[in-house]
Amino acid sequence: MHLTRRYWFSASHRLHRAALPEGENRELYGKCNNPGGHGHNYFLEVTVAGPIDPRTGMTVNLSELDAYVEARVIEPFHESSLNEQPQFGELVPTTENLCVEIYRVLKEGWDRLDSARHARLERVRLEETGSNFFEYRGSEPE
Ligand code: NI
């Protein structure tokens, strides 16, 4: 069974690499390099895969999943400047990198999700605008 839950948060970012000269940053990132940054409403989809637990009829308890995603992703990122998050000190906060980072923080504490004992984190999909979205399924197949 695959179960996907949808969330959203808003955050701002500026695409910029301190190691590069100003001109190269502008050329590389265009308007996304504007010093003031800009915001997005990010739509996040978290897909969980696993068997249906015969005791509950569920793959994962949605309220438990919600609380977990809320604490690990929404709470820290909502209404924040991504550039000021500790993980984006050196790492450019593109939506590719953000997508991988969200996967990483969700994966990191996955064992604490009691109802997900038999289910795994399958996919993180992050929508930046109506025209582009990113997906990450981890670095290695499980
Ligand atoms: Ni942007």
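Residues numbered from 1 in each chain as written. Predicted model: local features only at pLDDT ≥ 70, side-chain atom pairs only at ≥ 80, totals over all residues. Heavy atoms only, no water.

A. Geometry of the overall build of the chain. When you go through the chain residue by residue, the secondary structure sums to three helices and five strands. Reading the helices (α) and strands (β) of the chain from amino to carboxyl end gives β-α-β-α-β-α-β-β. Partitioning the contacts of the chain with sequence separation of at least 6, the portion at a separation of at least 24 is 71%. Here the chain displays about 8,200 Å² of accessible surface, and carbon together with sulfur accounts for 50% of that area. The averaged location of the 23 negative side-chain charges in the chain is 3 Å from the averaged location of its 16 positive side-chain charges. (Helix = DSSP H or I, 4+ residues; strand = E, 2+ residues; numbered from the N terminus. Contact = heavy atoms within 4.5 Å. Areas by Shrake-Rupley, 256 points an atom, 1.4 Å probe, with all protein chains shown as cover. Lys, Arg positive; Asp, Glu negative; His and termini not counted. Charge placed at Lys NZ, Arg CZ, Asp CG, Glu CD.)

B. Spotlight on the environment of A49. You can see A49 is positioned in strand 2 (residues 38-49). For the pair A49 and Y103, spaced 54 residues apart in the sequence, the C-alpha separation amounts to 14 Å. In this view, A49 contacts M1, H2, T59, H118, A119, R120 and E122; residues no more than four positions away in its chain are not counted.

C. Fine view of the side chain of E101. Here E101 lies in helix 3 (residues 95-108). Residue classification places E101 among the buried positions, given a relative accessible area of 6%. Aside from chain neighbours lying at most four places away, what touches E101 is F77, Q87 and F88. (Buried < 20%, exposed > 50% of the residue type's maximum accessible area, 1.4 Å probe, protein only.)

D. Highlighting the packing of aromatic side chains. Summed over the entire model, instances satisfying the criterion amount to four aromatic pairs. With a centroid separation of 5.2 Å and 25 degrees between ring planes, the pair formed by F9 and Y42 is classed as stacked. In this pair, F9 sits in strand 1 (residues 2-13) while Y42 sits in strand 2, placing the two residues 33 residues apart along the sequence. A ring pair is formed by Y103 and Y136, whose centres lie 5.1 Å apart and whose planes are at 90 degrees; its orientation type is edge-to-face. Of this pair, Y103 sits in helix 3 while Y136 sits in strand 5 (residues 132-136); the two residues are 33 residues apart in sequence, bridging distant segments of the chain. When its relative accessible area of 23% is taken as the criterion, Y136 is described as partly exposed. Grouped by ring-pair contacts, the aromatic residues F9, Y42 and F77 constitute a single cluster. Above the ring of F133, the side-chain terminus of R125 is found at 3.6 Å from the ring centroid. (Phe/Tyr/Trp six-rings, centres within 6.5 Å; stacked < 30°, edge-to-face > 60°. Lys NZ or Arg CZ within 6 Å of the ring centre and 35° of its normal.)

E. Focus on the pattern of salt bridges. Scanning all chains against the criterion turns up 15 salt bridges. Measuring nitrogen to oxygen at the nearest pair gives 2.7 Å for the salt bridge that ties D66 to R5. Highlighted residues: D66 in helix 2 (residues 62-77) and R5 in strand 1, separated in sequence by 61 residues. According to the relative accessible area criterion, R5 is partly exposed, its value standing at 29%. Across the salt bridge formed by E45 and R6, the nearest N and O atoms sit 2.7 Å from each other. (Salt bridge = Lys/Arg side-chain N within 4 Å of Asp/Glu carboxyl O.)

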